[in-house]
Amino acid sequence: RQIRLTHAFEIPASVSGTLTIGGAASLANYANSTTAEFNADYPGVTPQVNVEGQLAGIRRFCSGELDVMVINRDLTAE
């Protein structure tokens, strides 16, 4: 399933901090290229991409360790 945002928002140019991303290793190139583009627009943000596998990424996301999770298939009941 895809989640669609229904509200427009604008990220302030002065935003800073760390953005943690994890999940499916097959999406490593996508995650890295996307964060590189984001970081070009928002240089105050330090992206940390660690795609150690979908299951590990889901667990880390659910425990609050990740800001963004990249997955390549639907979530299971687990």
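Each remark here, short or long, concerns the structure printed above.
Residues numbered from 1 in each chain as written. Predicted model: local features only at pLDDT ≥ 70, side-chain atom pairs only at ≥ 80, totals over all residues. Heavy atoms only, no water.

Caption draft 1: How the structure looks around the packing of aromatic side chains. In this structure the tally under the stated criterion is one aromatic pair. Ring geometry for phenylalanine 38 and tyrosine 42: centres 4.8 Å apart, planes at 35°, overall tilted. Assessed through its relative accessible area of 17%, tyrosine 42 is described here as buried. (Phe/Tyr/Trp six-rings, centres within 6.5 Å; stacked < 30°, edge-to-face > 60°. Buried < 20%, exposed > 50% of the residue type's maximum accessible area, 1.4 Å probe, protein only.)

Caption draft 2: View of the pattern of salt bridges. The full count for this structure, using the stated rule, is two salt bridges. Note that glutamate 52 and arginine 60 form a salt bridge whose closest N and O atoms lie 3.0 Å from each other. For arginine 60, a relative accessible area of 21% corresponds to the partly exposed category. The closest approach of N and O atoms between glutamate 65 and arginine 60, which form a salt bridge, is 3.3 Å. Assessed through its relative accessible area of 45%, glutamate 65 is described here as partly exposed. (Salt bridge = Lys/Arg side-chain N within 4 Å of Asp/Glu carboxyl O.)

Caption draft 3: Inspection of the side chain of glutamine 54 at higher detail. Relative to the elements of secondary structure, glutamine 54 occurs in helix 2 (residues 54-62). In this structure glutamine 54 touches Gly23, Ala24, Ile71, Asn72 and Arg73, once residues within four positions along its chain are discounted. (Helix = DSSP H or I, 4+ residues; strand = E, 2+ residues; numbered from the N terminus. Contact = heavy atoms within 4.5 Å.)

Caption draft 4: Inspection of the sheet that holds strand 3 (residues 68-70) at higher detail. Spatial ordering of the open sheet is given by 2-1-3, a layout of three strands whose pairing is parallel. With one partner strand each, in any of the chains shown, strand 2 (45-50) and strand 3 form the two edges of the open sheet. Neighbour-to-neighbour, the strand axes of this sheet turn through a mean angle of 20°, independent of strand direction. As judged from the six bridges shared by strand 1 (residues 17-23) and strand 2, these two strands associate in the parallel manner. Bridging across to strand 2, glycine 22 finds its partner in asparagine 50. Helix-sheet contacts for helix 1 (residues 28-41) involve strand 1 and strand 2, and the interaxial angle to strand 2 is about 180°. Its contacts with the sheet place helix 2 against strand 1, strand 2 and strand 3, and it is angled at close to 160° to strand 3. (Pairing = 2+ DSSP bridges. Axes fitted to C-alpha atoms, helices over the stretch in contact; angles between N-to-C directions.)

Geometry only, nothing functional implied.
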